[in-house]
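Residue-level structural notes
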Amino acid sequence: MTTELVNTENDPALRGVGLLHKAMTVLELFSAERPTWTQGEIVRAADLPRSTVSRLVRYFVSRGYLTLNERTARYSLGFAAIELGRRAQLQFDLSAIAMDVVEDLARRTRETVMLTGFNPAALEVVCLDQIPAQHGGLRVYENIGATFPLYSGASAKPVLAHLPDTMAQRVIDAPMPPINPAVPMRPAALVEDLDAIRARGYATSREETYPGVAGVGAAILDPGGFPLGSIAIAAPIQRMGEEAMAGYGTMVAEAVKRLTERLTGENADAIDREARA
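Residues numbered from 1 in each chain as written. Predicted model: local features only at pLDDT ≥ 70, side-chain atom pairs only at ≥ 80, totals over all residues. Heavy atoms only, no water.

1. Quick notes on the packing of aromatic side chains
- All chains considered together, the criterion is met by two aromatic pairs.
- Measuring from ring centre to ring centre gives 5.9 Å for Phe118 and Phe226, while their planes differ by 45°; the resulting arrangement is tilted. Taken together, the residues Phe118 in strand S3 (residues 112-119) and Phe226 in the loop between strand S7 (213-221) and strand S8 (227-236) connect sequence positions 108 residues apart.
- Overall, Phe118 belongs to the buried group, its relative accessible area being 2%.
- Residue class for Phe226 comes out partly exposed when judged on its relative accessible area of 21%.
- Sitting over the face of the ring of Trp37, Arg34 holds its NZ or CZ atom 3.8 Å from the ring centroid. (Phe/Tyr/Trp six-rings, centres within 6.5 Å; stacked < 30°, edge-to-face > 60°. Helix = DSSP H or I, 4+ residues; strand = E, 2+ residues; numbered from the N terminus. Buried < 20%, exposed > 50% of the residue type's maximum accessible area, 1.4 Å probe, protein only. Lys NZ or Arg CZ within 6 Å of the ring centre and 35° of its normal.)

Below, the structure written as structure tokens:
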């Protein structure tokens, strides 16, 4: 792939968007790897005059697209930018892209498999779709549209584990009322849990959301490593012992890895062969 540099001053068709180009250059600096910038750092990275950067960041702050930490003099993306991303995410049909992976997991495990999407504005995951368990008797069922805070449950914690540090810390520092009152959430224990999730590739949950329910889940990541949502397997705790949990965890981690590769375009030839099979 080649990159072409466009000189907006010399192209009459683009001359009128020169300021917009500069504004987008500033916004595109903010990423999961580098979420905060000072004005001086923006000036150097964007190669723009300091006066231009000063006007742009003041405008972005006034509209909520950037926020300024006055103590550190560093800027980060604001809630208006997060909301814009949320609206784009709602138009991104994750269910259609992921459903064959969800169906495969449901067929192999015969347990309930749930697909969630991440809502950055509310810092929660939303149940987008599910396939109920094929077992008779006890089985787990969730309502489409149900939401879960990021600090609790196998569908939510893997998303939290892959958020940029500044976003994750907001969740850890905020009050964490338990979904299941019998399982209180503690910040120190959650931080340890997030480290374990990143190390093994999936989250585990025992009765964190509902009494008698256990689960495993893993995050679906976009090309930049930002979580789009998760896939989780849920079952009555009687059918989710340590051995079953480890096996299902490996399966869901492998499933979201396939899906992430699909979204990022990795292993495209293998995916095409799989689709034709």
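2. A word on the sheet that holds strand S6 (residues 203-206)
- Here six strands make up an open sheet; going across it, the order is S5-S4-S3-S8-S7-S6 and the pairing antiparallel. Bordering the open sheet on either side are strand S5 (147-149) and S6, each of which pairs with just one other strand. Pairwise comparison of adjacent strand axes, ignoring direction, gives a mean angle of 30° for this sheet.
- Here strand S4 (residues 124-131) pairs with S5 via three bridges, running antiparallel. What sits directly across from Val125, in S5, is Phe148.
- Against the sheet, helix H9 (residues 242-264) touches S6, S7 and S8, its axis set at about 20° to S7. (Pairing = 2+ DSSP bridges. Axes fitted to C-alpha atoms, helices over the stretch in contact; angles between N-to-C directions. Contact = heavy atoms within 4.5 Å.)

3. Re unusual backbone geometry
- The residue Leu123 is not glycine, and still its phi comes out positive at about 50°.
- Residue placement: Leu123 occurs in the loop between S3 and S4.
- Of the residues examined, Leu123 reaches a relative accessible area of 15% and is grouped as buried.
- A positive phi angle, close to 60°, is found at Glu207, a residue other than glycine.
- Mapped onto the elements of the fold, Glu207 is located in the loop between S6 and S7.

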